Structure formats: C-alpha cells, structure tokens
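Letter by letter, the chains look like this.
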Amino acid sequence: MAQNSTAQSLRSAVKSWRLGAVTLLSLSSGMPLGLVIICVPAWMAMIQVDIKTIGVLTLAQVPYAFKFLWSPLIDRFRPPWLGRKRGWILIGQLALAALTFGLASQATDPTVGAVAALTVLIAFASATQDIAIDAYTVDVLDREEQGLAVGARTAMYRIGMWLAGAIAISLGPQLGWEVTLGAQAVVYLLLLPVTVFAPEPRAQPLPPQSLREAIWDPFVGFLQKNRSLEIVAFLLLYKLADNLAVALVRPFLVEMGYSEWDVGIVSGTVGVLFTLLGTFLGSFLTNYLGVGRALWYFGVLQAAANIGYALVAQVGLNRPLMYAAMALDTGASGMGTGAFMVLLLRLTQKRFSATQYALFSSIFALGRTVAGPIAGSLVDAIGWRDFFLLTIAFSAPGLAMLQRFVPWGAREIPAEIEADGAPGERSGAPVGRLGLLARGLGGFVGGSLAGLLASAALAGLKGARDGGVFDLAAPLARLLRPGAVSDYIDAIGALAFGLVLGFGWAAHAAARRGVKAAPASGLEQG
C-alpha cells in the first residue's frame, strides 16, 4: 500500500506545473554563474588581459557567498507586481537581461573596469534572483514534489552554467562576443513568461511585518526547535568527507601522471554526468526511502566511495580504474546531495523562506570553503593514498550529528524539527534586552576573531603547502590592515561570520529562554 501511494505521488508530481516552473527557473539561476566564473575570465584571457587582473575579476563571485546578508529584504518587502517571491524573480531576470546586454555592448572595445563593474552587478542580481527562486521553491512545492524537484533543478542549473560558460567561450570567438553575450540576455527575457505564469503558493503564511522581524525571527524560529544546534552542526559536517576528497581531485590526477585530456574529460563529462545521475537518483529514492533513511544510506555511501581514489593512488596510472573511481565518487556524492537538499526544503519555514534557506545553504557551503587548505596539509603529511582513506573517517562527525535527530533506521525526520513542527520547551529564566545585546556583541567579537584566525590559518597552511613555512602572523596582519581586494574580502567574510554567530547566540537565548518584558521604567537587567 505504501509503495502504491508513493508511485501515485510521483506520477502526480511529474505532471505538476509547480515542479515545471521551479525547474525552468533554475536555468535562469545557473546561467549567470557560468558567465561570472567561466565565461568572463576566459574572455579576458583571450583578449590578452594579464592573469593578475583576471584573478581579481574572479572575485566578482563574492555576492554569492554573502547573499544571506540581504535575504531578509526578500522576505520583508513585496514588489507591486506578481507574488512576493515571483516579483523578486522578475526583477532579477530583468536586471540580468539589462546588465548582460550592457556587457555585450562592451564586446567591440572592452575596458577592464567596465567589464569588472558589470560582472559584479550581474553577480549581485544573480544572487538576489537565487534567493527568490530558492524561497519560491520552498513555498510552492508540495511535499511529494520536493525530491524530484531537487534532481530536476540541479540538472537545469548545470545546463545553464554549461550554456553560459563552456558553450559561450567556444562560440564567442566564432560568432563574436557581442552576439554570444546578447543571446544570453535574450534567454532571460524568454524566461519571463515562466515567472509571470508560474503558480502562486496555495498556502501563504503571514509575512514579516517589519525588517526587524525579517532579520531576527528566522533565527529564533529555527533555534526554538529541539536539537537545533545539532542540526546546524550536521549541515556543516555531513559532506565533510566528500568535500575533503573532492577539493584536490584535479591536482591529484595530474600528480598521478594523467594528461590534461584525461583530467578535462573527467571533470567535463564523467564527473558532471554522474553527479547529475546521482542527484536525480538520490532525490528520487529520497521520496521512496524517506529523508531519514536516505541521509543515512547516502551519507555512508558517499564516504565509502573515496576508497576508489585510494586505489588509484595505490595503483598509479590506470585509466579504467580512474574513470570508475570518478564515477563512483561523483555519483555517490550526487545521491548524498539529493537527500541533503530535500532536507533543507523540509527544514525551512515558509514565512522566512528567503532568509532561512540562504542561511542553511551558506552553512552547507562553508564546508567546501575550508576543505581545500586542510586537504592540502593532510596530503603533505601522509600522502595521497592514506589521505583518501582518512577522509572516510571524517564522515563520522556528520553521521554522529545525524544520529542525534534521526536515529539509524528512521524513515523520516521527526515532525517536531520540520519547518512547521512545534517549538521545543523553554528552559531557564527569560533574558532581558541588554542580556541579548551582550550575547550578540560577544558572539560578534568572538566570531569575528575566530573568522580572522581561521582565515589566517588557512593562508598559513597554503603557504606551507607551497613550500614555505607555516606563518600565522603575516596573513593575520594583512587581514587587520587589508591592502589587496582579496584581503578586504577575507576580512569582510570574517566580520560576516561574527555577525551571524552573534545573531545566532542571542537568538538561541531568546528561543530557548524567552525575552523578558521591558519594565515600565525602561531599565532592564540581562
């Protein structure tokens, strides 16, 4: 009976215009990222812009990392047309079309400054559109549609990146950059009808009534849940083993003696193909198995798959083994990602869908950010084979956190930790406003210092891996007195981490203990 019910739900989901709309909109989401991180740097290299300048241009992708900072604006303010989230999607698509047409106008006589400015604006408009599309996906999909949506959205997102990235840099020199970039702008206009005619969510919760509500309440709403801190740790750690292994795959293959052709084929075809297949299969099976079982099965599988790279390191140059290892790893990783993304949809409260989903995905992305330098230091210390074997053990912390809220064998995550679940019981005396402020400031200062030290340590590890000695003082000094653009970005990142940690600490106290009512005199005690 359960299997018949699942099959009926899947058939209904496949016919859903809601699923079709969020899938097509993912093309609009993937294209600008391909333009920013692949097409523009390649275009600049083809017209002989120096590599140092191109390196600075790649910093245009920074808005994607910090989009959670303005995501509350999407929850709070409703454009005067379409729905709350579709209106923002429309604004993003129109902005992307206009800015990409502007970039195309630079094609005949490009100036680096204008290209850089337009690329940053495209990244900002794209990140804003991503916030709105992700939030719309949370709001509009029925539960049985979520698994299929993850696979379909991932595939369409990758197609968008491929069109605006690899295909564009092939067509640009042949057709001309003005035509190639102009065609990308036209695609955004062609997708406008999808946004206009996409269905509105059937249930629309009361939106935040103030900007303070839009910023503060998403933290409190999530942290009121039982096991909320364990869930945050899980979001950070679940893909740790996979992130460590993937961080240095290309350098590993080069060092093993594989040609540039081999490495290019792997990353461009086998890796992408099996990632998509794995994500589709993982999200499909998540509907059948349940989110809880899928997270367990795929979490174990994605860690165990790293043994393939260990075998490659042991055997050496063996193309069939290398392709098999890549297929196994990327397929298993895609399955884990499919289940994980369904979990994010289940955890996100629809009232704060823009802010909470952006925060959850940022926590998820943080693991990828720190994996590279850590992986490099481990490889230097123990070698490739033992490194890949060790990564399997790094899956244990994430699975231990999973056990805290979804025990092994449980089909679904507990109802109380889902977005609409009841909050946990409060414990301890209510906290005064000054107490919340003190916690917030303490978290901000502590988090910022931790972020600065972590960034400096990662830079020190990279320097040591490149043949120098581990030096913490020099990169820390650059962060405290930034000179280069990258130093400013790293410093801002550390402050943003402190800001989130400060908000989180104060919000956790408010969620678990409540906020003391202000006395008539206006004086409070923390």
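Everything numeric here is computed off the predicted structure, so don't read it as measured data. (Residues numbered from 1 in each chain as written. Predicted model: local features only at pLDDT ≥ 70, side-chain atom pairs only at ≥ 80, totals over all residues. Heavy atoms only, no water.)

**Student:** An account of the overall build of the protein is requested, with residue identities and associated values reported.
**Tutor:** For the protein, the helix and strand inventory stands at 24 helices and zero strands. Counting only residues that meet the buried cut, the protein has 51% of its 526 residues in that class. Summarising the internal contacts of the protein: among those between residues at least 6 apart in sequence, 84% fall at separations of at least 24. Carbon and sulfur atoms make up 67% of the accessible area of the protein, which amounts to about 23,000 Å² in all. (Helix = DSSP H or I, 4+ residues; strand = E, 2+ residues; numbered from the N terminus. Buried < 20%, exposed > 50% of the residue type's maximum accessible area, 1.4 Å probe, protein only. Contact = heavy atoms within 4.5 Å. Areas by Shrake-Rupley, 256 points an atom, 1.4 Å probe, with all protein chains shown as cover.)

**Student:** I'd love a proper account of a nonpolar patch on the surface, names of residues and values included.
**Tutor:** A contiguous nonpolar surface patch, about 490 Å² in accessible area, is contributed by L69, F444, V445, L449, L495 and L499. Breaking the nonpolar patch down by element, the ones donating at least two residues are helix 22 (433-465) and helix 24 (485-513). The greatest single-element share of the nonpolar patch, amounting to three residues, is contributed by helix 22. Within the element layout of this structure, L449 appears in helix 22. (Patch = residues over 30% accessible without salt bridge, like charges linked within 9 Å, V, L, I, M, F, W, Y side chains within 5 Å. Salt bridge = Lys/Arg side-chain N within 4 Å of Asp/Glu carboxyl O.)

**Student:** How would you summarise unusual backbone geometry if you had to cite specific residues and measurements?
**Tutor:** Non-glycine residue L82 carries a positive phi angle of around 55°. You can see L82 is positioned in the loop between helix 5 (71-76) and helix 6 (84-105). The class for L82 is partly exposed, based on a relative accessible area of 26%.

**Student:** Describe the layout of surface pockets, and please don't skip the residues or the numbers.
**Tutor:** Its boundaries defined by the atoms lining it, the second largest pocket holds a volume of some 370 Å³. Mapped onto the lining of the second largest pocket, the elements with two or more residues apiece are helix 11 (211-223), helix 22 and helix 24. Counting residues per element, the lining of the second largest pocket draws most heavily on helix 22, which supplies six residues. For the lining of the second largest pocket, the class distribution of residues is ten nonpolar, two polar and two charged. (1 Å grid on protein atoms, 1.4 Å probe; cavity = no way out; pocket = protein on both sides within 12 Å on 5 of 7 lines; lining within 4 Å. Points joined across faces, edges and corners; volume = space filled by probe spheres on them. Nonpolar A, V, L, I, M, F, W, Y, C, P; charged D, E, K, R; others polar.)

**Student:** Summarise the side chain of Q356; cite the residues concerned and give the values.
**Tutor:** Here Q356 lies in helix 19 (residues 353-382). Taking the relative accessible area as the measure of exposure, Q356 reaches 1% and is therefore buried. Ignoring any residue separated from it by four or fewer positions in sequence, one finds Q356 in contact with P218, G221, F222, L347, T348 and Q349.

**Student:** Could you give an account of the pattern of salt bridges, with specific residues and numbers?
**Tutor:** Opposite charge on two side chains lets them pair, provided their charged atoms get close. Taken as a whole and judged by the stated rule, the model has 14 salt bridges. If you follow the salt bridges from partner to partner, you end up with R18, D142, E145 and R202 in one network.

**Student:** Which residues make up the nonpolar core, and what values do they have?
**Tutor:** Counting 54 residues, the largest nonpolar core has L35, W43, M44, L103, I122, Y136 and L181 as the members making the most contacts within it. Taken together, the elements giving at least two residues each to this core come down to helix 2 (17-46), helix 3 (51-57), helix 6, helix 7 (112-140), helix 8 (146-175) and helix 9 (177-190). Ranked by residues supplied to this core, first place goes to helix 2 with 13 residues. I122 has contacts with P32, L35, V36, L96, L99, T100 and L103, leaving out every residue within four places of it along the chain. Grouped together as the second largest cluster of nonpolar side chains are 48 residues, F219, L289, M341 and A506 included. (Core = buried A, V, L, I, M, F, W, Y, C linked by side-chain atoms within 4.5 Å.)

**Student:** I'd love a proper account of the packing of helix 17 (residues 307-315) against helix 18 (residues 319-347), names of residues and values included.
**Tutor:** One way to put it is that helix 17 packs onto helix 18 with a least axis distance of 8 Å and a crossing angle of 160°. In terms of orientation, helix 17 lies roughly antiparallel with respect to helix 18. The element helix 17 and its partner helix 18 pack so that their crossing is left-handed. Two secondary-structure elements touch here, helix 17 through G308, Y309, L311, V312 and V315 and helix 18 through L321, M322, A325, M326 and D329. Among the residues making up the contact of helix 17 with helix 18, the classes are represented as eight nonpolar, one polar and one charged. (Axes fitted to C-alpha atoms, helices over the stretch in contact; angles between N-to-C directions. Parallel < 35°, antiparallel > 145°, perpendicular 65-115°, else oblique. Left-handed = near helix turned anticlockwise from the far one by under 90°.)

**Student:** I'd like a rundown of the side chain of Q184, residues and numbers included.
**Tutor:** The residue Q184 is located in helix 9 in this model. The exposure class assigned to Q184 is buried, which follows from its relative accessible area of 5%. Filtering out sequence-adjacent residues up to four positions away, Q184 remains in contact with M31, L35, C39, T100, A164 and A168.

**Student:** Can you explain helix 16 (residues 291-304)? Please cite residues and give values.
**Tutor:** With 14 residues, helix 16 extends 20 Å between its outermost C-alpha atoms, agreeing within 8% with the 20 Å of an ideal straight helix rising 1.5 Å per residue. Turning to helix 16, its buried residues number three or more, namely V291, G292, A294, L295, W296, F298, G299, Q302 and A303. (Expected span 1.5 Å × (residues − 1).)

**Student:** Pulling in residues and values, what's your account of the environment of I131?
**Tutor:** Relative to the assigned elements, I131 resides in helix 7. Residues I131 and F68, 63 residues apart in the sequence, show an inter-C-alpha distance of 8.1 Å. Ignoring anything within four residues of it in the chain, the contact list for I131 reads K67, W70, S71, I74 and A354.

**Student:** Mind laying out the confidence of the model for the protein, listing which residues take part and the relevant values?
**Tutor:** This prediction gives the protein a mean pLDDT of 82; 89% of its residues lie at or above 70. In this model, residues 1-10 is a region of pLDDT below 50 whose contacts with residues beyond four sequence positions or in other chains number seven contacts. With pLDDT under 50 throughout, residues 520-526 is counted as low confidence; its partners more than four residues away or in other chains account for ten contacts. (pLDDT = per-residue confidence, 0-100.)

**Student:** Lay out the packing of aromatic side chains in plain terms, naming residues and giving numbers.
**Tutor:** Enumeration over the complete set of coordinates arrives at 15 aromatic pairs. With 5.7 Å between their ring centres and 10° between their planes, Y238 and F340 make a pair best called stacked. One end of the pair, Y238, is in the loop between helix 12 (228-237) and helix 13 (240-247); the other, F340, is in helix 18, with 102 residues separating them in the sequence. Here the two residues Y238 and F340 agree in accessibility, since each one is buried. Taken together, a centroid distance of 5.9 Å and an interplanar angle of 20° make the contact between W384 and F388 stacked. Here W384 and its partner F388 are both found in helix 20 (residues 384-393), four residues apart, which amounts to about one turn of the helix. The same class applies to W384 and to F388, which are both buried. Through a chain of ring-to-ring contacts, the aromatic side chains of F252, Y309, W384, F387 and F388 assemble into a single cluster. (Phe/Tyr/Trp six-rings, centres within 6.5 Å; stacked < 30°, edge-to-face > 60°.)

**Student:** Mind laying out the environment of S395, listing which residues take part and the relevant values?
**Tutor:** Along the chain, the position of S395 falls in the loop between helix 20 and helix 21 (396-405). A sequence separation of 95 residues divides S395 from V300, and the C-alpha atoms of the two residues are 7.6 Å apart. Contact partners of S395, with chain neighbours within four places excluded, come to A241 and A303. Side-chain polar atoms of S395 contact the backbone oxygen of I392, separated by 2.7 Å. (Polar contact = N/O pair within 3.5 Å; in protein donor to acceptor, adjacent residues only side chain to side chain.)

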